[in-house]
Amino acid sequence: MGKIFYIIGKSSTGKDTIYKRLLKDEALSLKSVVMYTTRPKREGEKEGETYHFVTEEKYGEFLEKGLIIEERAYQTMHGLWRYFTVKDESIDLNRYDYLIIGVLSSYVSTKRYFGEDK
């Protein structure tokens, strides 16, 4: 059975650097989980790599189906932007271990969703 490893920390503490190095370490065989967002794609970002960029309606579909693992929402000057993790076909804990980078609340929600043993 696969495990989920979480990197949590404050802004500018080196989480991204550690995350990228761990993912590159072939001996660890860790997979990443690409989060979803309703915010617009920024220059240089790639669909399915940086985030999955979706509409508010698509977010609602995931929510109705009970596929939202964890979520956060921020009111910005451009409107409400959601960031969330979806239980989709890319997460297969029967075959792989995963590395996720996030905030404490996303860790707690992910642990609640999958169970403490994961």
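Just so it is clear, the model here is predicted, and its values are computed rather than measured.

Colleague: When you look at the pairing of strand S7 (residues 97–102) in this model, what are you seeing that I'm missing?
Modeller: The two faces of the sheet receive side chains in turn, since in a regular strand these alternate between them. Burial runs high along S7: 5 of the 6 residues are buried. Taken together, the 5 bridges between strand S1 (residues 4–8) and S7 define a ladder with parallel strand orientation. Opposite Ile7, over in S7, you have Ile101 as the bridge partner. With 3 bridges joining them, strand S2 (residues 30–32) and S7 adopt parallel strand pairing. Counterpart to Ser32 in the pairing with S7 is Leu99.

Colleague: Just checking my understanding: could you explain the nonpolar core for this structure?
Modeller: When a protein is soluble and globular, its nonpolar side chains tend to lie buried together. Counting 9 residues, the largest nonpolar core is built from Ile4, Tyr6, Val33, Ile69, Ile91, Leu93, Tyr98, Ile100 and Phe114. Only S1 and S7 provide two or more residues apiece to this core.

Colleague: Is there a simple way to explain the pairing of strand S6 (residues 79–86) in this structure?
Modeller: Across the 8 residues of S6, 7 count as buried, placing the element largely inside the fold. Where strand S5 (residues 68–76) and S6 come together, 8 bridges link them in antiparallel fashion. For Arg72, the partnering residue across the bridge sits in S6 and is Tyr83.

Colleague: Can you help me understand the side chain of Thr38 in this one?
Modeller: Structurally, Thr38 can be placed in the loop between strand S3 (36–37) and strand S4 (52–53). Classification of Thr38 as buried rests on a relative accessible area of 15%. Separated by 2.8 Å, the side chain of Thr38 and the backbone nitrogen of Arg82 make a polar contact. Not counting the four nearest positions on each side in its chain, Thr38 is found in contact with Val54, Thr55, Glu56, Tyr59, Leu80, Trp81, Arg82 and Phe84.

Colleague: Can you help me understand the side chain of Arg72 in this one?
Modeller: If you trace the backbone, Arg72 turns up in strand S5. For Arg72, a relative accessible area of 15% puts it in the buried group. A polar contact is formed between the side chain of Arg72 and the side chain of Glu70, at a distance of 2.4 Å. The contact partners of Arg72, leaving out residues within four places of it in the chain, are Met35, Trp81, Arg82, Tyr83, Val103, Ser105 and Ser106.

Colleague: What exactly am I supposed to notice about the pattern of salt bridges here?
Modeller: Two side chains of opposite charge can pair, provided their charged atoms sit close to one another. If you walk through the whole model with that rule in mind, you get 5 salt bridges. Taking the shortest distance from any N to any O, the salt bridge between Arg82 and Glu56 comes out at 2.6 Å. With Arg82 in strand S6 and Glu56 in helix H2 (residues 56–64), the pair connects residues that are 26 residues apart, well separated along the chain. Using a relative accessible area of 16% as the deciding quantity, one classes Arg82 as buried. On the accessibility criterion, Glu56 (33% relative accessible area) is partly exposed. Where Asp117 meets Lys118, a salt bridge forms, and the shortest distance between an N and an O atom there is 3.4 Å.

Each value, and the rule that gives it
- Residues numbered from 1 in each chain as written.
- Predicted model: local features only at pLDDT ≥ 70, side-chain atom pairs only at ≥ 80, totals over all residues.
- Heavy atoms only, no water.
- Buried < 20%, exposed > 50% of the residue type's maximum accessible area, 1.4 Å probe, protein only.
- Helix = DSSP H or I, 4+ residues; strand = E, 2+ residues; numbered from the N terminus.
- Pairing = 2+ DSSP bridges.
- Core = buried A, V, L, I, M, F, W, Y, C linked by side-chain atoms within 4.5 Å.
- Polar contact = N/O pair within 3.5 Å; in protein donor to acceptor, adjacent residues only side chain to side chain.
- Contact = heavy atoms within 4.5 Å.
- Salt bridge = Lys/Arg side-chain N within 4 Å of Asp/Glu carboxyl O.

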